[in-house]
Amino acid sequence: MTTAPLLEFGRRHVARGLNRLTEDMIQKGEGSWVTMHSGRKVLDFTCGIGVTNLGHCHPKVSKAAADQCFELVHGQCCIAYHEPYLRLIERLLPIMPHPSLDSFFFTNSGSEAVETALKMARGITRKQNIITMQGAFHGRTFGAMAITKSKTIYADGSSPLMPGVLTAPFPYWHHFNTAPGADDSEIVRASLYQVELLLSQQSAPTDTMAIIIEPVLGEGGYVPAPPAFLQGLRDICDKYGLLLIIDEVQSGFGRTGRMFNIEYSGVRPDIMIMAKGLANGFPLSAVVSRKELMDKVKPGTMGGTYSGNAVSCAAAIAVVDAFKEEKILENVNARSAELFEALRELRANPAVGQHILDVRGQGLMVAVEFASPSHSTFDPSVKKGTPPNLATKVTKRCLEKGLLLLTTSVYETVRFIPALNISAEDLAKGISIFREAVEEVIQEA
């Protein structure tokens, strides 16, 4: 079947519930670039939504996976150990954000890791309720969907959801009806107070098993949590006997300039979740905790047919090695400084800056939030003179110009997720395309 009929075949037979940035087809990926079926090369600032952190088809990672395919493809984790599973733990132990994180379970996806963490927390504490964050995204499976609060579409038509979920405001200026650049300390105080109110008004600590949080909101708008907020949550968990679950699915593995974002705050997770960049495109996720807690989980309650697949584990070993050998974090921080400088320059341009509310993020997990003329009559950031749907229009124009870029959140937000080893030249090219797209879309409107 040739390409054009194949695309039409896909439109007829692929589930309608999948949403796509483009109806085109990716034929090949290499580094920061993908080649479409037409032969057109496109710069990729999506990385499969933060997955191919080392670029598409990283040679060492691909070779490690290919070599493993000739040794053992499927060594089921409930039957026996396999070497890549154990060697991966060897590699991960030294890079954990806290030395207490020493006991691992591998599964396939972020959602499955979240489900495992929820199940663990209930089993360990013998309590049911959990506090999640406004704007959070944790997945589309049933438990993960119940604690996802970034968009209603993820749970549309799926009620009733898992009970026992309470939502606290994340310290994001929108959630407190303030302006961008508002004093973090006041928002943090208000956010922590709301968590304590939940525990006194809606779910007693004796009924509450955990607080779960992304240290940087993903689908909620690429909003980093202030370190003081994470430290405050740690204090609340210690005070009331709750577990603190840190979801590093998108922010982990170097994405924000450190191996794990929680390192910026120095906070100790009770349970931490990893996925996405862990194996650079091979399906693998992980739940890690301290042995004292993991040993409370009864044998047989964990498992999964493909959990901790040998090929994916081999790929992940190569990922960890590449971070050290190729000085990936140094590149992240150098390119991050260049990206922020360029975006702030764009915001300073009077012609377009009046329509840009915020430039934020950490490392190479960066967002630009545009104003909206009509988001909510109660939102002080609404600007009547701003063109509608700016984020979507800008990403569409970027695609026309040869750049893959995604939106995020219920606000007009564009997110930058380039490969962590992107060159200065490729980053500059992507920035140039974005700048042109923003200027053109605003001028045309």
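Heads up: these notes are all about the structure in this document. (Residues numbered from 1 in each chain as written. Predicted model: local features only at pLDDT ≥ 70, side-chain atom pairs only at ≥ 80, totals over all residues. Heavy atoms only, no water.)

This part is about the overall build of the chain. Scanning the chain from N- to C-terminus turns up 14 helices and 17 strands. A globule of 445 residues ought to have a C-alpha radius of gyration of about 22 Å, and the chain, at 22 Å, matches this closely. Referenced to the eigenvectors of the C-alpha coordinate spread, the extents of the chain come out at roughly 60 × 55 × 45 Å. Put simply, the chain has 445 residues, and 56% of those count as buried. Considering only contacts within the chain whose residues lie at least 6 apart along the sequence, 72% involve residues at least 24 apart. Accessible surface, the chain: about 19,300 Å² in total, of which carbon and sulfur atoms supply 53%. (Helix = DSSP H or I, 4+ residues; strand = E, 2+ residues; numbered from the N terminus. Rg over C-alpha atoms; globule rule 2.2 N^0.38 Å. Buried < 20%, exposed > 50% of the residue type's maximum accessible area, 1.4 Å probe, protein only. Contact = heavy atoms within 4.5 Å. Areas by Shrake-Rupley, 256 points an atom, 1.4 Å probe, with all protein chains shown as cover.)

Let us now look at the sheet that holds strand 16 (residues 406-408). If you trace the four strands from one edge of the open sheet to the other, you get 13-14-17-16, paired in antiparallel fashion. The strands lining the two open edges of the sheet, one partner per strand, are strand 13 (356-362) and strand 16. For this sheet, the mean angle separating the axes of adjacent strands, direction not counted, is 30°. Where strand 14 (residues 365-370) lies against strand 17 (residues 412-416), five bridges are found, and the strand directions are antiparallel. Pairing of Val-368 across the sheet is with Val-414, part of strand 17. Sheet strands in contact with helix 13 (residues 390-401) are strand 14, strand 16 and strand 17, and its direction is about 40° off that of strand 17. (Pairing = 2+ DSSP bridges. Axes fitted to C-alpha atoms, helices over the stretch in contact; angles between N-to-C directions.)

In terms of nonpolar packing, the biggest core is built from 125 residues, with Leu-92, Met-96, Ile-211, Phe-253, Phe-370, Phe-416 and Phe-434 touching the most fellow members. In terms of residue count, the dominant contributor to this core is helix 10 (residues 310-325) (10 residues). Once residues lying within four places of it in the same chain are set aside, the contact partners of Phe-416 are Phe-45, Tyr-222, Leu-339, Leu-343, Leu-364, Met-365, Val-366, Val-368, Leu-405 and Phe-434. (Core = buried A, V, L, I, M, F, W, Y, C linked by side-chain atoms within 4.5 Å.)

The next subject is the sheet that holds strand 15 (residues 403-404). The strand order across the open sheet built from four strands is 1-2-3-15, with neighbouring strands paired in mixed fashion. Sheet topology places strand 1 (26-30) and strand 15 at the edges, where each strand pairs with a single neighbour. Bridge analysis of strand 2 (residues 33-36) against strand 3 (residues 41-44) gives three bridges, and the strand direction is antiparallel. Opposite Trp-33, over in strand 3, you have Leu-43 as the bridge partner.

Our focus in this paragraph is helix 3 (residues 59-69). Along helix 3, the residues classified as buried are Val-61, Ala-65 and Gln-68. The buried residues of helix 3 occupy an angular sector of 65° when projected down its axis, which confines them to one face. Turned more than 90 degrees away from the buried face of helix 3, the exposed residues are Pro-59 and Lys-63. Next to the buried residues of helix 3 lie helix 4 (83-92) and helix 10. (Arc of directions from axis to C-beta.)

Before going further, it helps to spend a moment on the environment of Leu-199. Inspection of the secondary structure assignment puts Leu-199 in helix 7 (residues 184-201). As for Leu-199 and Ile-131, which are separated by 68 residues in sequence, their C-alpha atoms are 9.2 Å apart. Setting aside its immediate chain neighbours within four residues, Leu-199 contacts Ile-131, Ala-204, Pro-205, Thr-208, Ile-236, Tyr-240 and Leu-242.

The next thing to look at is the packing of helix 11 (residues 328-348) against helix 14 (residues 424-444). In the contact formed by helix 11 and helix 14, the axes pass within 11 Å of each other and the chain directions differ by 20°. Here helix 11 is positioned roughly parallel relative to helix 14, judged by the angle of their axes. When you trace helix 11 past helix 14, the crossing you get is right-handed. For the pair helix 11 and helix 14, the contacting residues are Arg-335, Glu-338, Leu-339, Ala-342, Leu-343 and Leu-346 in the first and Ala-424, Leu-427, Ile-431, Phe-434, Arg-435, Val-438 and Glu-439 in the second. (Parallel < 35°, antiparallel > 145°, perpendicular 65-115°, else oblique. Left-handed = near helix turned anticlockwise from the far one by under 90°.)

Nothing here speaks to function; it is all geometry.
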